[in-house]
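Inside the fold
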Amino acid sequence: MDTPMFFEEKEEFLEALRRMVREGVPKERIRTITPFAVPEVDEVLPRPRSRVRLFALIGAGTGTATGFAFTILTSLEWGIIVGGKPVVSLPPFLIIAFALTILFGSLSTFLGFLLLSRLPSIRSIRAKQVYGNRFVILVEKGT
Amino acid sequence: MAAAEKYARADEGILKAMDKPGRAYLAGLGLTASLAVIGGLLWAYQIKNGLGVAGYTHPISWAIYITNFVFWVGIAHSGTLISAVLFLFQARYRTSFNRPAEAMTVFALMVAGLFPLIHLGRSWVFYYLIPYPTQREIWVNFRSPLIWDVFAVGTYFTVSAVFFYVGMIPDLAIARRCRDGIRKKIYSVLSLGWNGTQREWKHYNMLYLFLASFATPLVASVHSVVSWDFAMSLLPGWHTTIFAPYFVAGAIFSGTAMVITLVVPMRKALNLYDYITDDHFESIAKILLLTSLIVSYAYIIEFGLAWYGGNVFETELFRYRALGHYKIFFWIMIACNSVIPLTLLAKKLRRNIPFLLIVSLFVNVGMWLERFVIIVSSLARDYDPYAWNALIYRPTFVEAGITLGAFGMFFMLYLIFLKTLPVLSISEIKEHM
């Protein structure tokens, strides 16, 4: 890894990033660190869309299926009529399925974020060096 | 001023709140903690002696504890509205309120969750509500609104806690950099080793968007489910289809008032005038005004339905609500929730922060009373006319003490939050600088 380049201003940092790309530095070798989200970085260095959304979809789908399966199967296990309502009463079961859709979807999205961002990172937790409020460009050495 | 200097000032200005506490803070913490302990002791007294120490009288078997439950779940709603819904609408002023509002949501739900247990005669068997395989081979009744509550409130608490924590990750990394000793170590672990790389930000932004999208329907669904605890019964005053939207509007109304109640003193005590401006308060005051109008509309509709429906019990209940034993609470509720907030139609008053704080306090009182009026007056006028005037419900010192204890617990948790976690979203504030 080359020595990191530090910038105090966002515009300065973005200009240097654009110049670097113009000069032909391979985009996949450039890494950036910013004190807050800078959407322009993704325009200069396009990366594939975050797969976190897949975790959201799978989690939410699993939640819906679990909600319906759980309520229906447990009701069938003891098929007693309560309050004159059918043993399998879908409208109330929908409420449980809805809650579990949100619950599983949220937790799975959070898990997806941790996996894809490789967090928690023991190395980073123990690292002494932090970049603070500066904008940083790092270029990985080519092989 | 150079950007780096501005960012450093934001770090310092916001994290300064976490400095060593002063006497006023410690006095506040001592007072709120004492109230919470007294509330806890009274609950222990109630467990030992049974629910007879509460003021329940037939037919009023739901009273202040359920009032408190609905009140605190309602308070939580505004936090989600501000953090999730306003995020999706890209309302910039949310950055001034989202962290305190999210903290408020989590703490309000912690308090709310205790009340169904306090209300149970045998609190120690609360786990009967949770579906688990038992030796009796019988499961919970999923057709019961009380079980819906367990799922709705449980989900709401979990999602709110995750949302609260996720929003803080970049700020915990800042706290880690600006603190030393044991605190640095704690913030290092809590920040998960966040660096702010492009990859982290990309996944983080997607996560935040999805959590906001998941949390948004909860704003409508959770209090709807709470309202169905009442609406699914056949009691006059409860059994009505407008309850879900009526409760949701009321929840946002009371929660917004509580955000104002918490943030106005916080801004002054922590000197956060650069980040929470009068413009921001004006925007939040508009939400308060709008939801007040919706709630007032619901009050009118309720009376309209009773009158137009022609059911004698329903008509009698609404006459009783306005003119019966509990009429004082009804009229205070109308004054606090429907009349006083109308002053916010004046721009000058919306921007008058001490006035806004006073209005928010009235709304807090009014919304607590609203739940009391709905619960107690409806039960007092059910389908058994022989019981109508037999006994008037009066809360006992146990109920009053536990209620005060809940307020103590909520404010104690909030005070602890102020000294331990970043009180505003620093990275979002920097983004908009």
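Here the structure is a predicted model, which means the values were calculated and not measured. (Residues numbered from 1 in each chain as written. Chains lettered and ligands numbered in written order. Predicted model: local features only at pLDDT ≥ 70, side-chain atom pairs only at ≥ 80, totals over all residues.)

Re the overall build of chain B
Going by this rule: Here a strand is any run of E in DSSP of at least two residues, a helix any run of H or I of at least four, and the numbering for each starts at the N terminus. Computation of the radius of gyration draws on C-alpha atoms alone. For the globule rule, the value is 2.2 Å times the number of residues to the power 0.38. With C-beta atoms placed from the backbone, a residue counts as buried when 20 or more other C-beta atoms lie within 10 Å of its own, as exposed when 12 or fewer do, and as partly exposed for counts between those limits. Residue pairs are scored as contacts if the distance between their C-beta atoms, which are placed from the backbone, is within 7 Å.
Looking only at helices and strands, chain B has 15 helices and zero strands in total. A compact globule built from 433 residues would reach a C-alpha radius of gyration of about 22 Å, and chain B, at 23 Å, matches this within 12%. With the principal axes as the frame, chain B shows a C-alpha extent of 75 × 60 × 40 Å. Across the 433 residues in chain B, those meeting the buried criterion constitute 49%. Residue pairs in contact within chain B that sit at least 24 positions apart in sequence constitute 83% of those at least 6 positions apart.

Considering the confidence of the model for chain B
Residue and element names in this part refer to chain B. Put simply, the test is: Here pLDDT means the predictor's own confidence in every residue, given as a number from 0 to 100.
In this model, chain B carries an average pLDDT of 93, and 100% of its residues clear a pLDDT of 70 or more. Mean pLDDT per element in chain B: helix α1 (residues 3-15) is the minimum at 87, and helix α11 (residues 327-339) is the maximum at 98. If you check the scores for this complex, the pTM reads 0.94 and the ipTM reads 0.94.

Some words on the interface of chain A and chain B
Applied cut-off: Under the grouping applied here, Gly and all other residues not named as nonpolar or charged are polar, the nonpolar ones being Ala, Val, Leu, Ile, Met, Phe, Trp, Tyr, Cys and Pro and the charged ones Asp, Glu, Lys and Arg.
In this complex, chain A contributes 51 residues to the contact, which on the side of chain B involves 49 residues. A per-element tally of the side of chain A that touches chain B places helix α4 (residues 90-117) of chain A first, with 16 residues. Split into classes, the residues belonging to the side of chain A that touches chain B amount to 26 nonpolar, 16 polar and nine charged.

Quick look at helix α4 (residues 94-119) of chain B
All names here are of chain B. Short version of the rule: Helix span, as expected, comes to 1.5 Å for every residue beyond the first. The seven residues ending at a residue and the seven starting there each receive a fitted axis; the angle between those axes is the bend at that residue.
Here α4 spans 36 Å end to end across 26 residues, near enough to the 38 Å set by a 1.5 Å rise per residue. Its maximal kink placed at Pro-100, α4 deviates by approximately 25 degrees. For α4, a buried count of 21 out of 26 residues is recorded, marking the element as mostly surrounded by other parts of the structure.

A word on the packing of helix α3 (residues 64-88) of chain B against helix α8 (residues 243-270) of chain B
Residue and element names in this part refer to chain B. Selection criterion: Fitted lines through C-alpha atoms give the axes, limited to the stretch in contact for helices. The angle between two N-to-C directions lies from 0 to 180 degrees. These descriptions rest on fixed angle ranges, namely under 35 degrees for roughly parallel, over 145 for roughly antiparallel, 65 to 115 for roughly perpendicular, and the rest for oblique.
Viewed as axis vectors pointing N to C, α3 and α8 meet at an angle of 75 degrees, and their least axial separation amounts to 7 Å. Our classification of the angle between α3 and α8 gives roughly perpendicular. For the pair α3 and α8, contact is made by Phe-71, Gly-74, Ile-75, Ala-76, His-77, Ser-78, Gly-79, Leu-81 and Ile-82 and by Gly-250, Ala-251, Ile-252, Ser-254, Gly-255, Thr-256, Met-258 and Val-259, respectively. Its residues assigned to classes, the contact of α3 with α8 shows nine nonpolar, eight polar and no charged.

A closer look at the nonpolar core
Basically, it comes down to this: Here, a nonpolar core denotes buried Ala, Val, Leu, Ile, Met, Phe, Trp, Tyr and Cys residues that are linked to one another through C-beta atoms within 7 Å.
Residues B:Trp72, B:Val73, B:Ala108, B:Ala112 and B:Val259 are the most contacted members of the largest nonpolar core, which totals 158 residues. The element contributing the most residues to this core is helix α5 (residues 145-178) of chain B, with 19 residues.

Some points on the pairing of strand β3 (residues 135-139) of chain A
To keep it simple, the criterion reads: Two strands are said to pair when DSSP picks up at least two bridges between them.
One ladder, built from three bridges, connects strand β1 (residues 5-7) of chain A with β3(A); its direction is antiparallel. By the bridge assignment for β3(A), A:Met5 is matched with A:Ile137.

A few points about the environment of B:Asp382
Residue placement: B:Asp382 occurs in the loop between α13 (353-380) and α14 (397-420). Here B:Asp382 is in contact with B:Pro59 and B:Leu235, once residues within four sequence places are set aside.

A closer look at the sheet that holds strand β2 (residues 30-33) of chain A
Hydrogen bonds between backbone groups are what pair the strands of a sheet, and the pairing can be parallel or antiparallel. Residue and element names in this part refer to chain A. Pairing within the open sheet is antiparallel, and its three strands lie in the order β1-β3-β2. Each edge of the open sheet is held by one strand with a lone partner, namely β1 and β2. Pairwise comparison of adjacent strand axes, ignoring direction, gives a mean angle of 20 degrees for this sheet. For β2 and β3, the ladder comprises four bridges, and the chain directions are antiparallel. By the bridge assignment, Ile-33 is partnered in β3 with Val-136.

Description of unusual backbone geometry
A cis amide bond links A:Leu119 to the next residue, A:Pro120, at an omega of -5 degrees. Residue placement: A:Pro120 occurs in the loop between α4 and α5 (122-126). Omega for the bond connecting B:His58 with B:Pro59 falls within 30 degrees of zero, at 10 degrees, which places this linkage in the cis form. Here B:Pro59 shows up in the loop between α2 (23-49) and α3. The phi angle at A:Arg118 is positive, at roughly 55 degrees, despite the residue not being glycine. Considering the arrangement of structural elements, one finds A:Arg118 in the loop between α4 and α5.

Describing the environment of B:Ile300
If you trace the backbone, B:Ile300 turns up in helix α9 (residues 278-309). Spatially, the C-alpha atom of B:Ile300 lies 26 Å from that of B:Lys347, the residues being 47 residues apart in sequence.

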